[in-house]
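One-letter residues, chain by chain:
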Amino acid sequence: MISFEAFRSVEGMPIYLQMIRFVKQGLAAGQFLDGDELPSRRLVSATLAVNPNTVQKAYRQLEEEGLIQSRPGAGSHITASPQQVEDIRQELFRSEVQETVAAMKRMGLKKEEAVALLRQLYDEEERE
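Residues numbered from 1 in each chain as written. Predicted model: local features only at pLDDT ≥ 70, side-chain atom pairs only at ≥ 80, totals over all residues. Heavy atoms only, no water.

J.: Would you mind going over helix H1 (residues 15-28) with me for this structure?
T.: Given 3.6 residues to a turn, an α-helix orients residues that are three or four positions apart in the same direction. The first and last C-alpha atoms of H1 sit 20 Å apart over 14 residues, in line with the 20 Å expected at 1.5 Å per residue. Counting buried positions over the 14 residues of H1 gives ten, a clear majority of the element. Every buried residue of H1 is accounted for by Tyr16, Gln18, Met19, Ile20, Phe22, Val23, Lys24, Gly26, Leu27 and Ala28. One or two steps after H1, the chain reaches Gly30, where phi turns positive at roughly 80 degrees. (Helix = DSSP H or I, 4+ residues; strand = E, 2+ residues; numbered from the N terminus. Expected span 1.5 Å × (residues − 1). Buried < 20%, exposed > 50% of the residue type's maximum accessible area, 1.4 Å probe, protein only.)

Have a look at this one:
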């Protein structure tokens, strides 16, 4: 069963969107797989100390996107196809890079400096 124990809330974004992002990140990272069960809405509400309607809203949107399926009495399960997972991975990657590029531009970094820094950090990460 998928756990929300590692979920960490951040300011500035509605909690239901953070929950959706958490599930998408788990899918993109291969931590959550097709068929995995999600905890009940009540359990997630208690774990995260949020209103049950907030959890319902997140689950409903995940259902509408075709990433989970819920059945009365059977709970909710991941139903993401490999293509959906790849699309999510690309969406998350693009979003993260766009935020980073915008921050670099605000700091006055030139493209060449940003690329050099990215290469350096990438190489350092590989060595660790």
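J.: It is not clear to me how the packing of H1 against helix H3 (residues 52-64) should be interpreted in this structure. Could you clarify?
T.: Between two packed helices, both the angle of their axes relative to each other and the distance between the axes serve to describe the pair. The interhelical angle for the contact between H1 and H3, taken along N-to-C directions, is 45 degrees, at an axis separation of 8 Å. One way to sum up the angle between H1 and H3 is to call them oblique. Where H1 crosses over H3, the handedness of that crossing is right-handed. Where H1 abuts H3, its residues Ile15, Tyr16, Met19, Ile20 and Val23 lie against Thr54, Val55, Lys57, Ala58, Gln61 and Leu62. Here the residues of the contact of H1 with H3 sort into eight nonpolar, two polar and one charged. (Axes fitted to C-alpha atoms, helices over the stretch in contact; angles between N-to-C directions. Parallel < 35°, antiparallel > 145°, perpendicular 65-115°, else oblique. Left-handed = near helix turned anticlockwise from the far one by under 90°. Contact = heavy atoms within 4.5 Å. Nonpolar A, V, L, I, M, F, W, Y, C, P; charged D, E, K, R; others polar.)

J.: Would you take a moment to explain a nonpolar patch on the surface for this structure?
T.: Together, Met107, Leu109, Leu117 and Leu121 make up a nonpolar patch on the protein surface, roughly 350 Å² of accessible area in all. Relative to the assigned elements, Leu117 resides in helix H5 (residues 111-127). Residue Leu117 is classed as partly exposed on the basis of its relative accessible area of 31%. (Patch = residues over 30% accessible without salt bridge, like charges linked within 9 Å, V, L, I, M, F, W, Y side chains within 5 Å. Areas by Shrake-Rupley, 256 points an atom, 1.4 Å probe, with all protein chains shown as cover. Salt bridge = Lys/Arg side-chain N within 4 Å of Asp/Glu carboxyl O.)

J.: I tried to follow the layout of surface pockets on my own but got confused; where do I start?
T.: If a probe as big as a water molecule is rolled over the atoms, it shows which places are left empty. In this structure, the largest pocket spans a volume of roughly 370 Å³. For the largest pocket, the lining is made up of 15 residues, of which Val97, Thr100, Val101, Met104 and Leu118 are closest to its centre. Within the residue set of the lining of the largest pocket, elements represented by two or more residues are helix H4 (82-106) and H5. Of the residues forming the lining of the largest pocket, the biggest block, seven residues, is contributed by H4. The residue makeup of the lining of the largest pocket, split by class, is ten nonpolar, one polar and four charged. (1 Å grid on protein atoms, 1.4 Å probe; cavity = no way out; pocket = protein on both sides within 12 Å on 5 of 7 lines; lining within 4 Å. Points joined across faces, edges and corners; volume = space filled by probe spheres on them.)

J.: Explain the side chain of Ser76 to me, please; I cannot follow it from the model alone.
T.: As for its placement among the helices and strands, Ser76 is situated in strand S3 (residues 75-78). Judged by its relative accessible area of 2%, Ser76 falls in the buried class. For Ser76, the side chain forms a polar contact with the side chain of Ser70, separated by 2.5 Å. Look past the residues within four positions of Ser76 in its chain and what remains in contact with it is Asp36, Glu37, Leu38, Arg41, Tyr59, Ile68, Gln69 and Ser70. (Polar contact = N/O pair within 3.5 Å; in protein donor to acceptor, adjacent residues only side chain to side chain.)

So, to be careful, I would describe these as geometric facts and stop short of saying anything about function.
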